[in-house]
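Residues per chain are reported as follows:
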Amino acid sequence: MAARLVRLPALLRPAAGTKGGQRSLRRFLEAVRYPTLTAFARDAGLDPGTVTLQIRKLEQDLDGELLVPGGVKHPMRRCHVVGCVRA
């Protein structure tokens, strides 16, 4: 696993090296294509609460916010180092 981690961008290594971190990264990359985490969870056959917890853990591992939640009238937004953008 250590060999795979060195190929990742340095920013992602802390998260990828944690228990379940790689799975959470993959889910995050899949989820950002959806307007909400609930929509992603429904299509992926996952519990929305589980997906939310995985994304929050990933945010803790990376020490920053990754998503601003969406709602009925607005989609979630991805965050970057300098701010958030529409998904």
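Residues numbered from 1 in each chain as written. Predicted model: local features only at pLDDT ≥ 70, side-chain atom pairs only at ≥ 80, totals over all residues. Heavy atoms only, no water.

### Some details on the overall build of the protein chain
A count of helical and extended segments in the protein chain gives five helices and three strands. Each helix and strand of the protein chain, ordered N terminal to C terminal, gives the series α-α-α-α-α-β-β-β. Among the 87 residues that make up the protein chain, the fraction classed as buried is 31%. Of the contacts made within the protein chain by residues no fewer than 6 positions apart, 33% connect residues no fewer than 24 positions apart. Accessible surface, the protein chain as shown: approximately 5,800 Å² in total, 58% of it carbon and sulfur. (Helix = DSSP H or I, 4+ residues; strand = E, 2+ residues; numbered from the N terminus. Buried < 20%, exposed > 50% of the residue type's maximum accessible area, 1.4 Å probe, protein only. Contact = heavy atoms within 4.5 Å. Areas by Shrake-Rupley, 256 points an atom, 1.4 Å probe, with all protein chains shown as cover.)

### Some words on the pattern of salt bridges
Using the criterion set out here, one finds three salt bridges in the structure. Across the salt bridge formed by Arg 42 and Asp 43, the nearest N and O atoms sit 3.8 Å from each other. The partner of Glu 59 in a salt bridge is Arg 56, with the nearest N and O atoms 2.8 Å apart. Placement of the pair is Glu 59 and Arg 56 together in helix H5 (residues 48–62), with a separation of three residues, close to one helical turn. Accessibility expressed as a relative area gives 10% for Glu 59, which makes it buried. Among the residues examined, Arg 56 registers a relative accessible area of 28% and is labelled partly exposed. (Salt bridge = Lys/Arg side-chain N within 4 Å of Asp/Glu carboxyl O.)

### A word on the packing of helix H4 (residues 37–44) against H5
Working note: a packed helix pair is described by the angle between its axes plus the distance between those axes. Between H4 and H5, whose axes approach to 8 Å, the crossing angle comes to 120°. Relative to H5, the element H4 lies oblique. For the pair H4 and H5, the sense of crossing is right-handed. Seen from H4, the contacting residues are Leu 37, Thr 38, Phe 40 and Ala 41; seen from H5, they are Pro 48, Val 51, Thr 52 and Ile 55. Classifying every residue of the contact of H4 with H5 gives six nonpolar, two polar and no charged. (Axes fitted to C-alpha atoms, helices over the stretch in contact; angles between N-to-C directions. Parallel < 35°, antiparallel > 145°, perpendicular 65-115°, else oblique. Left-handed = near helix turned anticlockwise from the far one by under 90°. Nonpolar A, V, L, I, M, F, W, Y, C, P; charged D, E, K, R; others polar.)

### A few points about H5
Helix length check: H5 (15 residues) gives 21 Å between terminal C-alpha atoms against 21 Å at 1.5 Å per residue, within 8%. Those residues of H5 not exposed but buried are Val 51, Gln 54, Ile 55, Leu 58, Glu 59, Asp 61 and Leu 62. The buried residues of H5 occupy an angular sector of 160° when projected down its axis, which confines them to one face. Facing away from the buried side of H5, by more than 90 degrees, are the exposed residues Leu 53 and Gln 60. Its buried side turned inward, H5 meets helix H2 (13–16), helix H3 (21–31), H4 and strand E1 (67–68). Its side-chain oxygen placed 3.1 Å from the backbone nitrogen of Gly 49, Asp 47 serves as the N-cap of H5. Following H5 by one or two positions, Asp 63 adopts a phi angle in the positive range, close to 55°. (Expected span 1.5 Å × (residues − 1). Arc of directions from axis to C-beta. Polar contact = N/O pair within 3.5 Å; in protein donor to acceptor, adjacent residues only side chain to side chain.)

### A word on the packing of aromatic side chains
One pass over the structure, following the stated rule, counts one aromatic pair. Each ring, one from Tyr 34 and one from Phe 40, has its centre 5.5 Å from the other, and the planes form 65°; the classification is edge-to-face. (Phe/Tyr/Trp six-rings, centres within 6.5 Å; stacked < 30°, edge-to-face > 60°.)

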